[in-house]
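Summary of structural features
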Amino acid sequence: MDSFIEHMHQSQATILSEIQQKRQQKQKMLAVLLDPDKVDPAQAEVQLHMLNAHQVDLLLVGGSLVQDQSIHQLVRELKPLAEMPIVLFPGSIHQVTEDADGILLLSLISGRNADLLIGKHVEAAPMLKASGIEVLPTGYMLIDSGKLTTVNYISHTLPIPHDKPGIAVSTALAGELLGLQLIYMDGGSGAQQAISAQMIQEVARQLSIPLIIGGGIRSKEQALIAWEAGADIIVVGSAIEQDPEGGLVQDLVEVRNKVNSLRVT
């Protein structure tokens, strides 16, 4: 089986077009998030070999508190080894590095912080244009996960209540109608509870663009629930940090492959 990145090179496809195509084919994807504040390059290299072996679809790199040049060093060292696209998940404009394959240009549509809706994007635009990396316009939605997370604190915004799927649906639809190409619903790093199947299902039914779900997924059972509810991509971060042997990744990949085998058109 060709890796995601090999297929991109062979077909001249973009990361976004590959995600869109997989959605059309009802094929689910798994992304792993590495936070440069929590992993050093040596640890990350070991993890990357494991992710390559299991054919994880996407590697996200970033975090809410990354302040130094560690993200640049980390991406630069991982890029030649990665068999999947490396996509930035930026917490600030300082986390932009041209060594990545792409960047989720996150607009925090669940909040009312103008800086995170458009302000920081204006600052970053010339840098992104010059970098040449692929930009994936993404509507980012914080969902209450049972605790105050770093991203809640840093963004100065309130999350959408866990039991209010109607608000999530309207917010996601607004993002799609504004022209955003992806919707990312996130409980945040260290979330105590995953986003409910009901919320995922109701949002997925209304969207015609790919839906990413992250936060609080710590088991293959939770991953299966999210995928079956309508998530196109699930993102796992904190749980991977606590599983250096890769057992969870193997479990998640097995579930992804099983789900995809049943959805072949």
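Everything below is about the structure printed above this text.
One non-glycine residue, K26, adopts positive backbone phi at about 60°. Mapped onto the fold, K26 is located in the loop between α2 (15-24) and β1 (29-34). Of note in this structure, Q55 is not a glycine but carries a positive phi near 60°.

Okay, the environment of A226 next. Of note, A226 is situated in helix α9 (residues 220-229). A relative accessible area of 4% means that A226 is categorised as buried. When the C-alpha atoms of A226 and M199 are compared, they prove to be 9.9 Å apart, with 27 residues separating the residues in sequence. Excluding its chain neighbours within four sequence positions, the residues that come into contact with A226 are I200, I217, A231 and I234.

Our focus in this paragraph is the sheet that holds strand β5 (residues 134-142). Strand order in the closed barrel formed by eight strands is β1-β2-β3-β4-β5-β6-β7-β8, and the pairing between neighbours is parallel. Each strand of the sheet is rotated relative to its neighbour by a mean of 30°, with strand direction disregarded. With four bridges connecting them, β1 and strand β8 (residues 233-236) associate as parallel partners. Following the sheet pairing, V32 is matched in β8 by V236. The strands touched by helix α11 (residues 247-261) are β1 and β8; relative to β1, the strand with the most contacts, the crossing angle is about 160°.

Moving on to the packing of helix α3 (residues 41-54) against α11. Contact geometry of α3 with α11 gives a least axis separation of 10 Å together with a crossing angle of 20°. Comparing their axes, α11 and α3 come out roughly parallel. Both α3 and α11 take part in a crossing whose hand is right-handed. Residue-level contacts link M50, L51 and H54 of α3 to V249, Q250, V253 and R256 of α11.

A few words on the environment of L180. Take L180: it is sitting in the loop between α7 (165-177) and β6 (182-186). Taking relative accessible area as the criterion, L180 reaches 15% and is therefore assigned buried. For the pair L180 and A125, spaced 55 residues apart in sequence, the C-alpha separation works out to 16 Å. Ignoring sequence-local partners within four residues, the contact set of L180 consists of I109, P137, T138, G139, G175 and I209.

Another point: the environment of E77. Residue position: E77 is located in helix α4 (residues 70-78). Looking at E77, the relative accessible area reads 37%, which means it is partly exposed. For the pair E77 and A44, spaced 33 residues apart in sequence, the C-alpha separation works out to 9.3 Å.

Moving on, we come to α9. Every buried residue belonging to α9 is among A223, A226, W227 and A229, and all of these are buried. The buried side chains of α9 occupy one side of the element, clustering within an arc of 165° when seen end-on. Where α9 is buried, its residues contact β1, α8 (197-206), β8 and α11. Directly beyond the C-terminal end of α9, a positive phi value near 135° is found at G230.

What follows deals with the pairing of β6. Burial analysis of β6 places five of its five residues in the buried class, the great majority of the element. Residue alternation in β6 divides its side chains into two sets, L182, Y184 and D186 and I183 and M185, and both sets are buried. Note: β5 against β6, five bridges, orientation parallel. In the strand pairing of β6, G139 is matched with I183. Of the strand pairs in this sheet, β6 and strand β7 (residues 211-214) are connected by four bridges, and their pairing is parallel. Paired with M185 across the two strands is I213, which belongs to β7. For the handedness criterion, the β-α-β arrangement of β6, α8 and β7 is classed as right-handed.

The rules behind the values
Chains are numbered independently. Their residues run from 1 in the order of the written sequence. Two thresholds apply to this predicted model, a pLDDT of at least 70 for residue-level local features and 80 or more for giving and counting side-chain atom pairs, whereas whole-chain, interface and lining totals are computed over all residues. With hydrogens and water stripped out, all remaining heavy atoms of the structure feed into the side-chain values. Only DSSP runs of H or I with at least four residues qualify as helices, and only runs of E with at least two residues qualify as strands; both kinds are numbered from the N terminus onward. Exposure categories follow from relative accessible area, calculated using a 1.4 Å probe and restricted to protein chains: below 20% of the type maximum is buried, above 50% is exposed, and the middle band is partly exposed. Every residue pair with non-hydrogen atoms within 4.5 Å of one another is taken to be in contact. For two strands to be treated as a pair, DSSP must find no fewer than two bridges joining them. Lines fitted to C-alpha atoms define the axes, with helix axes restricted to the stretch in contact, and inter-axis angles between N-to-C directions lie between 0 and 180 degrees. An angle below 35 degrees is treated as roughly parallel, one above 145 as roughly antiparallel, one from 65 to 115 as roughly perpendicular, and anything else as oblique. For any pair of crossing helices, the crossing counts as left-handed if the nearer helix is rotated counterclockwise from the farther one by less than a right angle, and right-handed if it is rotated clockwise. For this quantity, the arc is that covered by the directions from the helix axis to the C-beta atoms. The definition of a right-handed crossover adopted here requires that, viewed with the strands pointing away, the path from the first strand over the helix to the second runs clockwise.

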